[in-house]
Amino acid sequence: VSRHAESIGVTLMDEPPPPPAAVGAEATYERLATLAPVCGSCLEPLVSGFLQDPAFRQELQDFIVARAPAFLELCEDGSYPMAWTSYHNEYRSIFERQMQKILQSLDMTESELSELCLWLRNEFGHGFQEDDGLNAFLQAVTASEVYENFLSVMFSEVSRQAGETVEVVVPPDLSPGDPFQVNYLGVRYDLHVPENLQAGDTFHVSVSLPPKLDLVSLFAVPDSFYGLD
């Protein structure tokens, strides 16, 4: 019996236990998996923390709307103003603060997230099914770090604010100078009938499209990340 116990001891010693970080990462994986959609990535709760938080959406949209006029500047030599880099840092900070908020809500730390990502890469490989969406997750949550992505967001807002022109028909029974209202894409415009126009005549009005931040496009991950594929 003693020799049998010793042989078991040798066998166990020949297979050292996994390092504490791996044990912790596996526990984090199992905990997040219970919060994720069936067949979805265990990292889905972190991405959803960005997509489903109205306060984050509002803060980001307000920033984009407020800073967009600065991006009307003409860059003749192909370089960009230094102020744009400063705005990019502000933009990145919004995402960084949100990540901290998400980690806190999930009772996680940055080091635990790093250990989980390393464990997924080492344990499962590099295809989506093998890495549980790790690469898709990393690309999504670091997209704000890429300057070109930031410029694309800001230039889209500049185009929106530039607006477009729509044709308006003067309503019946109105005369030049009379006020009236129109709605376009959910936005109300207070207008006056131009001089020398009467009911049935048309004129053009410049309008701006309402702000519409597409967070899904900022966090581009495959449907399989949500268990939909």
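Residues numbered from 1 in each chain as written. Predicted model: local features only at pLDDT ≥ 70, side-chain atom pairs only at ≥ 80, totals over all residues. Heavy atoms only, no water.

Chemist: Can you help me understand unusual backbone geometry in this one?
Modeler: Glycine aside, negative phi is the norm for most residues, and most peptide bonds take the trans geometry. Of note in this structure, Asp 107 is not a glycine but carries a positive phi near 55°. Assignment of secondary structure puts Asp 107 in the loop between α5 (82-105) and α6 (110-124). Overall, Asp 107 belongs to the exposed group, its relative accessible area being 63%. Even without being glycine, Asp 173 reaches a positive phi, approximately 65°. Looking at the secondary structure, you find Asp 173 in the loop between β1 (164-169) and β2 (179-184). The exposed category is assigned to Asp 173, whose relative accessible area is 76%. (Helix = DSSP H or I, 4+ residues; strand = E, 2+ residues; numbered from the N terminus. Buried < 20%, exposed > 50% of the residue type's maximum accessible area, 1.4 Å probe, protein only.)

Chemist: Any chance you could explain the layout of surface pockets here in plain terms?
Modeler: By rolling a water-sized probe across the atoms, one finds the places where empty space is left. When its volume is computed, the largest pocket comes out at roughly 440 Å³. Lining the largest pocket are 24 residues, and of these Val 153, Leu 213, Asp 214, Ser 217 and Leu 218 lie nearest its centre. At the level of secondary structure, the elements contributing two or more residues to the lining of the largest pocket comprise α4 (54-67), α5, α8 (134-141), α9 (147-162) and α10 (215-218). Residue contributions to the lining of the largest pocket peak at six residues, all from α9. (1 Å grid on protein atoms, 1.4 Å probe; cavity = no way out; pocket = protein on both sides within 12 Å on 5 of 7 lines; lining within 4 Å. Points joined across faces, edges and corners; volume = space filled by probe spheres on them.)

Chemist: Any chance you could explain the packing of aromatic side chains here in plain terms?
Modeler: The way to describe two aromatic rings as a pair is by their centre distance and the angle between their planes. Evaluated as defined, the whole model comprises 18 aromatic pairs. Here the aromatic rings of Tyr 29 and Trp 119 are separated by 5.3 Å at their centres, their planes lie at 50°, and the arrangement is tilted. Of the two residues, Tyr 29 is situated in helix α2 (residues 20-35) and Trp 119 in helix α6; the sequence distance between them amounts to 90 residues. Residue class for Trp 119 comes out buried when judged on its relative accessible area of 11%. Each ring, one from Phe 180 and one from Phe 203, has its centre 6.3 Å from the other, and the planes form 90°; the classification is edge-to-face. (Phe/Tyr/Trp six-rings, centres within 6.5 Å; stacked < 30°, edge-to-face > 60°.)

Chemist: Help me out: how do you make sense of the pattern of salt bridges in this one?
Modeler: Pairs may arise between side chains of opposite charge once their charged atoms sit close together. Under the defined criterion, the tally for this structure stands at six salt bridges. The salt bridge involving Glu 145 is made with Arg 92; its shortest N-O contact spans 2.9 Å. On the criterion of sequence distance, the pair formed by Glu 145 in the loop between α8 and α9 and Arg 92 in helix α5 is long-range, its members being 53 residues apart. Relative accessible area serves as the criterion here: at 34%, Glu 145 is assigned to the partly exposed category. Asp 190 is the partner of Arg 188 in a salt bridge, and the nearest nitrogen-oxygen pair spans 3.8 Å. Look at Asp 190 and you get exposed, because its relative accessible area is 52%. (Salt bridge = Lys/Arg side-chain N within 4 Å of Asp/Glu carboxyl O.)

Chemist: What should I look at first to understand the packing of α6 against α8 in this one?
Modeler: Any two packed helices are characterised by how steeply their axes cross, that is the angle between the axes, and by the distance between the axes. As a packed pair, α6 and α8 sit with axes 10 Å apart at the nearest point and diverge in direction by 140°. Relative to α8, the element α6 lies oblique. Where α6 abuts α8, its residues Leu 113, Cys 117, Leu 120 and Arg 121 lie against Leu 134, Asn 135, Phe 137 and Leu 138. Class assignment for the residues of the contact of α6 with α8 results in six nonpolar, one polar and one charged. (Axes fitted to C-alpha atoms, helices over the stretch in contact; angles between N-to-C directions. Parallel < 35°, antiparallel > 145°, perpendicular 65-115°, else oblique. Contact = heavy atoms within 4.5 Å. Nonpolar A, V, L, I, M, F, W, Y, C, P; charged D, E, K, R; others polar.)

Limitation: the analysis is restricted to geometry and does not speak to function.
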